[in-house]
Structures are given as C-alpha cells and as structure tokens.
Amino acid sequence: MADVNVKKFEAVGFHPDKYVKEISQVCVGGQELQQFRSKIQTLAEESSAALKKNVYHNYMQFIETAKEIAHLESEMYQLSHMLTEQRTLLSTLASSSVAPPAPLESPQLETKAEDKRINLLAAIAEKVEGCASLLDNKGRGLCHEGDLQELDPLENTPLHRVHAYLLTDILLIATWISNRKGPAKYKFQAQYELDSLAVVNVRDLGNVRHAFKLLAFPDSRVFQCTSNSAKKEWLDQFEKAKKAKSNQDHPKREALSTSDQHFLVPADSIDSSSNPFGEPEEGENVEENVEWLREVSEDLDVYIAQRHFEEAHSLIEKTRECLDKAPSLPANIEIRRKLDLRVASLINALTAELTVSSEKSFQGGLRAARRSVRLLNLLGRSTQACDLFLQLCTSILKAQLKRVKREGATVTYVKRLGGIFFSNLADMTREFYGRAFPNSPSSASVFVVWASQELSHFTSHLIKQIFMPQASITSLAECVQTVRSQCEQLCELGMDLCYQLDGQLSTAITRCLVEARDKLVEAVKLRCAEDNWRRLNLHSVSAVQKLQSELSESGVTITKYVTGDFWLELTANTVAFTKLYLSLVNDGLRLANSDMAYTLDRVFYDVLSAQFKHLVSSIKSDKLTAQRSVILKNASFLLDCLIPVCEKRFYEHLNTPSQKFPQICQEYSPLLTESGTKLTSVTGYI
C-alpha cells in the first residue's frame, strides 16, 4: 500500500496523470484505491483549511497595514502643515532685523505679500476637505473667516454649525467633520460668487438674534453669529469685499471696451440674428453685440429661478458655441467657469423636478416629466434622467394600485387590478421608447429590467390576494386567464413578459391543481360509496334535452345512452362525475400552460383513475352481479365518450399529446373484455 507523499505534490515536475498510473499499479483491488483516495481527500481538506487560515491571517495583516498607512498619512499632513508654518515663520524672521530695515524694493514687497497670500490659501486648503482648487485664481485672498450657526429659513430652528471663509471673489461654506483623520477639520459644502450674492441684515426677533441672510439664486440661507459685534464685522467685511471686487473688475471692463484685441469673441462668430435687418449697421461696435456674454450668469440665474428651463438651455448652448470660437483669454475662462456653475444649478433644478417625494402630486403623470427628461438628455445626463424617470414610474404605479380596493368578487378585483397595472405599464413603455429615450439601447435594457422587477412585485401581490385555500379553481382560472390576456397587450409594443408571468405563477398554480385534485378524489370516493348502480330517471323529456345540451357544449354526446323518453343507461354518479371532470379539465387547461403539461396530465389521471377503480371494484363484487350490464355501460361511456374529448382538448390547448389518457385506456379497458362484452376500439387523439 502506497502512502501519500506530500513532497511529490510540491515538486516542480509533478505530473498528475503519471502519479495516478503509479498508484494504480501499486494498489491491489478497489478497496485500497478507495482508502488511498480518502487519504488524498483528507490531505486536500487539510490544505484548504490551512489556506483559509493563511488568507485570514494575511487579511488581518492587510487591515493593520491599511490602518498604519492612514496613520502615516495623517502624520504626513501634520508634518506638511508644520513645515508650512515654519516656512512662514522663517520668512518673517528673515524680514525682521535688529538694525533699522533697509528700504525694500517694490518687487520684494509684492513677493512677500504673494507668499503670505499663498500660505493662507494653502492652510485653508489643508483644513477644508475638497478645496484643493483654491490656488487656481491668482488674485484670490482671504478677507475674513469665522464660525456660524445655520438656521432654517422658514422655521428659524438651528440646523448645524458651519465655518465660513470670505475670500476676495467668493464665499466658502464648510461643515465640521466629526470623525476626522488628518489635519482636515472641515468639509466643503458650497461656494458663492460675490457678484451674484446679496447679504441682508436680519432684525433680532425672538430666538433669532445676531443673524444675517444670504441671497443667491436659487438659494436663501440664514446664519447666526455669536455676538452683535461679530455680526457687524461680517457685514462690514462683505461690503468691503464687494466694493473691492467691483473696483477690481471696473478697469478690466474699460480695457475690454477700449481695445479690439480684448474682444471676448472674434467678429466672425457674432450671431447676426441680434439684428432684425440681417446686416450690422455702420459704425456698430462688435463689443456691443457680445455684451450679453458678460451677463450670461445673471440671465441664467433669472431663467432658473423663473423655471424657464428651455430658455436657460438655449442660452447655455449659445454661450458654449461662442466660447468655443473665442480665444483663451482670462475673461473667457472666467465666463466658462461661471457657466459651468449655472449648468450644475440647472441640472439640480431638473432633477428636483423628477425626484419623487411624499408631498409631490402625480396628477400630471409622465407628461409633466417630459421637459425635464428631454433637457437632461440634451445636457448629457441620460443615465441620471433614466433612473429618475423609472423611479417616477414606480411611484405612479404604486399610487395607482393603492386606489384599487379589495371589494366585490375576486374576478372583478383582479380584472381592475391587472387592467390598471398593465395599461399604465403600456403607457410607460410608449413614453419611454417613443419620447423620453428613443434610439437608446442602454436605456432600453434598463427599462426591460425595471419592467421585469415591477411584474415580479405585481405577481407576488396577486398570488397573496387570489391563491387562497378557500378559492375555487374556476375563479382562479378566470383570474389567471384575465391577467394573461392583459399582459399580452405589451407584446404589441415589443416587450413580451408573458413567459415571466407564467413562470412566477407556476408554483402557485401547481399547488392549486394538487389541492383541487385531492379534494376531487375525496369527493369521488364519497360519491362512489353511495352509488347503487341504478339507471338515471330524468322524469321529463325537457330534462333530457337540457342535459344533452349541457354536455354537448363540452363535446360529449349521450344520445345512444338515452332509452325511452327520459331514461338514461348511465347512473347519477356517472353523470355527476362527468360534469365535475369536464369542469376540472376546462379550468385546468385555462390555468396551466405548455410547461405544466406533465403536472396537469397527472392531475387528470389521478381523478379519473379514482372513478375507474370504483368501476373495477363494482364489477368484481358478487353483490352487484345483476347490475353488471349497467356498470359496463357506464365504463364504456367513460372510455368511448369522455376520454377522447378530454384528450383532444388537452392537445388543442397545450399543443402536446397527453401521456396519461392512453394509459387509462390500457389499464382499464380489459375489464370489459373479461366480462364477455365487446370493447369499442379506443385510440388516442394523436
């Protein structure tokens, strides 16, 4: 018996096929091979366990290493901050001396002021997370900073504490970081241009004291200071900063208006549509035609605030077209930066239009969302627009289905519920493919997934409502058939969800069929126990005609079993079973589909087999010798009249032949030949 040698597995030139051949030559019999196999299996399990332990150990080391790296990163931030402070201190010490300072040149003063400005902005960038771009503007400096308490504009209740930085051109708002790692104390929240910002004093009233309001389209925010002096300091600094900004921009505007080389756009890119006569007048200044570029940000703020989104988008496209043709001048770069901020504001306003909330009404439906979806698509936010559109569709479906009350008959409730669901889904499909996202394959696949999920939610709710133990199979069949016919209307729109609907209902339908089979088998046994094998007397010709008409609608004829005016050679038990079985076949075929053919075939077999077992036991009974001819007539009726009709309908509905009906004929038809009666040839439908 060979032993497992682990070193062979670890060798570089190990070949599994060669190793197996060697083991098969050494081992004698299958028992030794099984023992050797169990040893190798044990070795594999031990190796797997050891590998899991190593992976866990390495994973823990990886976590510890990540923590150390984060700690080192924090220390590096602190070290960088200390170096910055040391550099500032050294610069201050170098500029100071015991002897009277020598007169410095103007470039030296400018260099030191620039270094101080850069150091201050670098310190702010380290403290505020997400503000690495503060140094992009060369003329930007710090005017004032401090802690503020933000209040709700409507309720005047405290919201949270913030830290504000007033710079020469912008106002920066940052929030506190509770669980911070590293030198960053604040997190960037928002920034506002001083040109588009208005500061309003708030009168002290009630709990609101030492507060001021910021107005920047479309926002309105209220901040509270710690004292009246702090509030006065903020208001003064705002006024000084805005005046300085205005004085700084005035020479630039004059330089732009007096020199042709500072035109915002070249003359050939001017839109001639501004002149209604088609051609510019003589002496008309090119600068006057592009004056609107400097006011684009203010115009966009007005359009967005007034919800004129189409005009805002047209102005954005027009501005972009002009800026693409314009030279890369500082004025153009500043206009483009402001334009990007307004585009972000427009996108936020459009997404707010599509965002679902408890206070929002769905009276407008999907028509109210067309404008926002179309503009988001034009702005390159198709994915975001698709997600918001589908969320809106989900909310509309839920709201519509909640209005359907569980009243009246089950069939009526299901018809209303399915009609609302599938009609709304069809309208949403037309809206999605026809208007919102035409010719968009990626969005189309997302919509199909969404529709599949919504159908799953609908079917789960439907199963809970109708598939109950006390529900009859007839009502269930009508409900399922109604829902299927309603689902088929989506096929005309190019989306077939019938297969998924049948798949999700298959488990509940199978359980329903099995329960119906068990109930019918018990009913057949109880009725057979009371069967006295007497021919049925209908007492009138009209009753015979009524029974013939009732059974002929299902394809079963009893003309040759009528004797006299109103006598039948069939028993009451056989007639009752025929009606019951035809109802089962009709309801079962409406419930099931071709994928459930085997289950349905088995259910039909079990119920029919219970009736034939009663026939066999009655023929073999010595007490019923006188009624044997009646028993054989009833058996012949089931074999010759009932089974062929059921077999034919089975094939027509499911497009597949039955396997159990021919089996019934083969099992129970010999009972007639054994009794000396000629058996009618019974063949399958196929």
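All values derive from a computational prediction rather than experimental measurement.

A.B. asks: Please give an account of the overall build of the chain that cites residues and values.
C.D. replies: Broken down by element type, the chain carries 21 helices and eleven strands. Considering the chain as a whole, with its 686 residues, one finds that 37% of them fall into the buried category. Sequence-distant contacts, at least 24 apart, represent 64% of the contacts inside the chain between residues at least 6 apart. As displayed, the chain has an accessible area near 40000 Å², and 53% of this comes from carbon and sulfur atoms.

A.B. asks: Outline the pairing of strand β4 (residues 170–176), listing residues and values.
C.D. replies: The element β4 is largely enclosed, with a buried count of six among its seven residues. Bridge count between strand β3 (residues 158–167) and β4: five bridges; the pairing is antiparallel. Among the inter-strand pairings, Leu166 is bridged to a residue of β4, identified as Leu171. The hairpin turn running from β3 into β4, its antiparallel successor, is two residues long. Pairing of β4 with strand β5 (residues 186–193) involves seven bridges; the strand directions are antiparallel. By the bridge assignment, Thr175 is partnered in β5 with Lys187.

A.B. asks: Pulling in residues and values, what's your account of the packing of helix α10 (residues 370–378) against helix α11 (residues 382–402)?
C.D. replies: Relative orientation of the contacting elements α10 and α11 amounts to 160°, with a least axis distance of 8 Å. Between α10 and α11, the angle is such that the two are roughly antiparallel. For the pair α10 and α11, contact is made by Val373, Leu376 and Asn377 and by Ser382, Ala385 and Phe389, respectively. A class-by-class count of the residues in the contact of α10 with α11 yields four nonpolar, two polar and no charged.

A.B. asks: Just give me the short version of the packing of aromatic side chains, but keep the residues and values in it.
C.D. replies: Describing an aromatic ring pair means giving the distance of the ring centres and the angle of the ring planes. On inspection of all chains with the given rule, the structure shows 23 aromatic pairs. An angle of 40° between the planes, with centres 6.2 Å apart, marks the rings of Phe212 and Phe223 as tilted. Here Phe223 lies in strand β8 (residues 219–224) and Phe212 lies in strand β7 (residues 211–216), a separation of eleven residues in the sequence. Given the relative accessible area of 1%, Phe212 is considered buried. Look at Phe223 and you get buried, because its relative accessible area is 0%. Ring centres 5.5 Å apart and planes at 80° place the aromatic pair Tyr433 and Phe447 in the edge-to-face group.

A.B. asks: Break down a nonpolar patch on the surface for me, with residues and values.
C.D. replies: A cluster of nonpolar residues, Tyr56, Tyr59, Met60 and Phe62, forms a patch on the protein surface that exposes about 480 Å² of accessible area. Here Tyr59 is to be found in helix α3 (residues 29–95).

A.B. asks: How would you summarise the sheet that holds β8 if you had to cite specific residues and measurements?
C.D. replies: The eight strands are arranged β1-β5-β4-β3-β2-β8-β7-β6 in an open sheet whose pairing can be described as mixed. The open sheet has two free edges, formed respectively by β1 (128–129) and β6 (198–202), since each of these has just one partner strand.

A.B. asks: Report on the environment of Glu129, specifying residues and quantitative values.
C.D. replies: Along the polypeptide, Glu129 turns up in strand β1. Judged by relative accessible area, which is 43%, Glu129 ranks as partly exposed. With 57 residues separating them along the chain, Glu129 and Tyr186 place their C-alpha atoms 6.1 Å apart. Ignoring any residue separated from it by four or fewer positions in sequence, one finds Glu129 in contact with Ile177, Ala184, Tyr186, Lys187 and Phe188.

A.B. asks: So, the sheet that holds strand β9 (residues 535–537): which residues are in play, and what are the values?
C.D. replies: In spatial order, the strands read β9-β11-β10; together these three strands make up an open sheet with antiparallel pairing. The two strands at the open ends of the sheet, each matched to only one other strand, are β9 and β10 (562–563). For β9 and strand β11 (residues 567–571), the ladder comprises three bridges, and the chain directions are antiparallel. If you follow Arg535 over to β11, its bridge partner there is Thr571. The sheet strands contacting helix α19 (residues 628–654) are β9 and β11, and the helix crosses β11 at an angle near 80°.

A.B. asks: Describe the environment of Tyr165, naming the residues involved and giving the relevant values.
C.D. replies: Along the polypeptide, Tyr165 turns up in strand β3. Taking C-alpha positions, Tyr165 is 6.9 Å from Gly146, a pair spaced 19 residues apart along the chain. Once residues within four sequence positions are removed from consideration, Tyr165 is found in contact with Ile124, Lys127, Val128, Leu142, His144, Glu145, Ile170, Leu171, Leu172 and Tyr186.

A.B. asks: Please provide a residue-by-residue account of the pattern of salt bridges, values included.
C.D. replies: One pass over the structure, following the stated rule, counts 22 salt bridges. Among the ionic pairs, Arg221 bridges to Glu150, the shortest N-O distance being 2.8 Å. Here Arg221, found in strand β8, pairs with Glu150, found in strand β2 (residues 142–151); they are 71 residues apart in sequence, far enough to count as distant. Given the relative accessible area of 7%, Glu150 is considered buried. Between Asp518 and Arg517 there is a salt bridge, with the nearest N and O atoms lying 3.2 Å from each other. By relative accessible area, Asp518 is classed as partly exposed at 38%. Overlapping salt bridges bring together Arg517, Asp518, Arg602 and Asp606 as one network.

A.B. asks: I'd love a proper account of the pairing of β7, names of residues and values included.
C.D. replies: Examined bridge by bridge, β6 and β7 share five bridges and lie antiparallel to one another. Across the sheet, residue Asn201 finds its bridge partner in β7, namely Phe212. Relative to β8, β7 runs antiparallel, the two being bridged by six bridges. Paired with Leu214 across the bridge in β8 is Arg221.

A.B. asks: Tell me what's going on with unusual backbone geometry, and back it up with residues and numbers.
C.D. replies: Among all residues save glycine, negative phi is the norm, and among peptide bonds the norm is trans. Even without being a glycine, Arg307 presents a positive backbone phi close to 65°. By the element assignment, Arg307 lies in the loop between α7 (296–305) and α8 (309–325). Overall, the relative accessible area of 40% leaves Arg307 in the partly exposed class. For Trp533, which is not a glycine, the phi torsion comes out positive at approximately 55°.

A.B. asks: Could you give an account of the packing of helix α14 (residues 473–487) against helix α15 (residues 498–529), naming the residues involved and the relevant values?
C.D. replies: Close contact between α14 and α15 brings their axes to 12 Å; oriented N to C, the two are set at 175°. When the axes of α14 and α15 are compared, the pair comes out roughly antiparallel. Taken together, the residues of α15 that come into contact with α14 (itself represented by Ile473, Leu476, Val480, Val483, Arg484 and Cys487) are Cys498, Leu501, Asp502, Leu505, Ile509, Cys512, Leu513 and Ala516. Looking at the contact of α14 with α15, its residues break down into twelve nonpolar, no polar and two charged.

A.B. asks: An account of the environment of Phe637 is requested, with residue identities and associated values reported.
C.D. replies: Inspection of the secondary structure assignment puts Phe637 in helix α19. C-alpha separation for the pair Phe637 and Glu569, spaced 68 residues apart in sequence, amounts to 9.7 Å.

Calculation criteria
Residues numbered from 1 in each chain as written. Predicted model: local features only at pLDDT ≥ 70, side-chain atom pairs only at ≥ 80, totals over all residues. Heavy atoms only, no water. Helix = DSSP H or I, 4+ residues; strand = E, 2+ residues; numbered from the N terminus. Buried < 20%, exposed > 50% of the residue type's maximum accessible area, 1.4 Å probe, protein only. Contact = heavy atoms within 4.5 Å. Areas by Shrake-Rupley, 256 points an atom, 1.4 Å probe, with all protein chains shown as cover. Pairing = 2+ DSSP bridges. Axes fitted to C-alpha atoms, helices over the stretch in contact; angles between N-to-C directions. Parallel < 35°, antiparallel > 145°, perpendicular 65-115°, else oblique. Nonpolar A, V, L, I, M, F, W, Y, C, P; charged D, E, K, R; others polar. Phe/Tyr/Trp six-rings, centres within 6.5 Å; stacked < 30°, edge-to-face > 60°. Patch = residues over 30% accessible without salt bridge, like charges linked within 9 Å, V, L, I, M, F, W, Y side chains within 5 Å. Salt bridge = Lys/Arg side-chain N within 4 Å of Asp/Glu carboxyl O.

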